[in-house]
Amino acid sequence: MREQIIPIIKRETVLCAALALAVLSMLFVPPDAEYISYIDFRTLALLFCLMGVMSGLQKTGVFQWIAQALLGRVRKTRQLVWILVLLCFFSSMAVTNDVALITFVPFTFTVLSLIGAEAKRRLIVPAVVLQTIAANLGSMLTPIGNPQNLYLYGRAGLSLGAFLLLMLPYTLVSLVLILIWSALQTRSCNVPIKVSFDGEVRLSGKAVPLAGCLALFVLALLTVARVVPCGLTLGVTIAGLLLIDRSAFARIDYSLLLTFAGFFVFTGNMGRLPAFHDFLQRIVSGHELLTAVAASQIISNVPAALLLSGFTDNLSPLIAGVNIGGLGTLIASMASLISYKLVIREEGAVKGAYFRSFTAANLCFLVILLLFAFIRLR
């Protein structure tokens, strides 16, 4: 029994922590009719729809097709790294940071293998580190870029335009930093190259599922913008995926949905305990940015957003804080663990080098963006 439980806990640490906290909070606030009000069903439904649609789009190969089309024009190493990194940066705005990394990090391994073993050895660590940072920072621009944004966007009641304007300055500064860091990382090996693929990705036989998934994605965007009711989108998405790609349901991250539910119960119960509520409110109120960044380093930014949002009404600095807080430690953003696992599985020998490079780059980006946030929010 123990041999079966321990791997589950290691694999789903955040989920187990969320459920444990939810159960613990029930000792102080026994289940009653108010529990149902804790759950943000709109956020959960939108997450479910977006994850299902993104799973379907991944299967069509459209992201690989776009990447191959761009890389066919590459002439130097620096251009190659820029494209691989910017694919993560811009795609994460629409397909979420974890989907961007799951899609383009393995693709990066393939591309680097095509330009030689030596080039792969020298570029794999800086390229994947930058892709991870790019996915985490690009995703902060939009409500659908990552789970915490989707939740806080709904809770704050912001319009889509207001949210984009709030995060646009951070995104632009991040883009400049990424381009500069990429140039520095490739300055010693910016040599002429040519990338060609033996097997080109074809979309001709997948036109129907691609069109269907894109239509469902547009429907989800309209729901995020509060143009289409969430219930309608949920029903249409389920029906659409049943027709287009039933296997998409098996690839949805249900553990993330359960994690949200667990933290909803925990924060809801804690909010009903006056002593705890007043204590955490004193810590958070007026220090939303720093509290969010600090909490993200320990429990990651999604749980930090769920926990802290219940104890402040000033959500703009909290939104900035949990997004910037995705930088720093390896667990500050759960998406970072995806690329870490992928690169270690591909090249186990670079484990130490990757961790050192990841930590150094993340801390530099974190300090610069945090200083920018302080200046902007003054």
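The coordinates are above.
Definitions and limits used
- Residues numbered from 1 in each chain as written.
- Predicted model: local features only at pLDDT ≥ 70, side-chain atom pairs only at ≥ 80, totals over all residues.
- Heavy atoms only, no water.
- Axes fitted to C-alpha atoms, helices over the stretch in contact; angles between N-to-C directions.
- Helix = DSSP H or I, 4+ residues; strand = E, 2+ residues; numbered from the N terminus.
- Parallel < 35°, antiparallel > 145°, perpendicular 65-115°, else oblique.
- Left-handed = near helix turned anticlockwise from the far one by under 90°.
- Contact = heavy atoms within 4.5 Å.
- Buried < 20%, exposed > 50% of the residue type's maximum accessible area, 1.4 Å probe, protein only.
- Polar contact = N/O pair within 3.5 Å; in protein donor to acceptor, adjacent residues only side chain to side chain.
- Phe/Tyr/Trp six-rings, centres within 6.5 Å; stacked < 30°, edge-to-face > 60°.
- Lys NZ or Arg CZ within 6 Å of the ring centre and 35° of its normal.
- Salt bridge = Lys/Arg side-chain N within 4 Å of Asp/Glu carboxyl O.
- Patch = residues over 30% accessible without salt bridge, like charges linked within 9 Å, V, L, I, M, F, W, Y side chains within 5 Å.
- Areas by Shrake-Rupley, 256 points an atom, 1.4 Å probe, with all protein chains shown as cover.

The next thing to look at is the packing of helix α2 (residues 13-28) against helix α13 (residues 254-271). The N-to-C vectors of α2 and α13 enclose an angle of 30°; their axes lie 8 Å apart at closest approach. Comparing the axis directions of α2 and α13 gives the class roughly parallel. For α2 against α13, the interelement crossing comes out left-handed. Facing α2, whose interface residues are V14, L15, A18, L19, L21, A22, S25, M26 and F28, α13 presents S255, L258, T259, G262, F263, V265, F266, N269 and M270.

Of note, T312 is situated in the loop between α16 (301-308) and α17 (315-324). Since its relative accessible area comes to 8%, T312 is described here as buried. The spacing of T312 and S247 is 65 residues in sequence and 40 Å in space, taken between C-alpha atoms. Contacts of T312, omitting those with residues within four sequence positions, involve V284, E288 and L318. Side chain to side chain, T312 and E288 meet in a polar contact 2.7 Å long. At 3.1 Å, the side chain of T312 and the backbone nitrogen of N314 are in polar contact.

Applying the stated criterion across every chain, the model contains 14 aromatic pairs. Ring geometry for F48 and Y254: centres 6.4 Å apart, planes at 45°, overall tilted. Remark: Y254 occurs in helix α13 and F48 occurs in helix α4 (residues 41-60); sequence separation between them is 206 residues. Given the relative accessible area of 38%, Y254 is considered partly exposed. Between F260 and F264, the aromatic rings sit 5.9 Å apart at their centres with planes inclined by 70°, giving edge-to-face as the arrangement. With F260 and F264 both in helix α13 and 4 residues apart, this pair spans about one turn of that helix. For the pair formed by F260 and F264, the shared burial category is buried. Ring pairing ties together the aromatic residues F48, F249 and Y254, which thus form one cluster. Residue placement shows R226 over the ring face of Y153; its charged tip is 4.6 Å from the ring centre.

Summed over the entire model, instances satisfying the criterion amount to 4 salt bridges. Here R272 makes a salt bridge to E34, at a shortest N to O gap of 3.8 Å. Taken together, the residues span a long stretch of sequence, with R272 in the loop between α13 and α14 (274-284) and E34 in the loop between α2 and α3 (35-38) at a distance of 238 residues. Taking relative accessible area as the criterion, R272 reaches 30% and is therefore assigned partly exposed.

Attention now moves to the side chain of T43. Assignment of secondary structure puts T43 in helix α4. When neighbours within four sequence positions are excluded, T43 is seen to be in contact with L150, Y151 and F260.

A cluster of nonpolar side chains, namely L24, L27 and F28, defines an oily patch on the protein surface of about 360 Å² accessible area. By the secondary structure assignment, L27 is in helix α2. Taking relative accessible area as the criterion, L27 reaches 68% and is therefore assigned exposed.

On to α16. In terms of burial, α16 is a largely internal element, 8 of the 8 residues being buried. Every buried residue of α16 is listed here: N301, V302, P303, A304, A305, L306, L307 and L308.

Positive phi, close to 80°, is recorded for T96, a residue that is not glycine. Mapped onto the elements of the fold, T96 is located in the loop between α6 (77-95) and α7 (97-114). Unusually for a residue other than glycine, S300 sits at a positive phi of about 80°. Within the fold, S300 resides in the loop between α15 (288-299) and α16.

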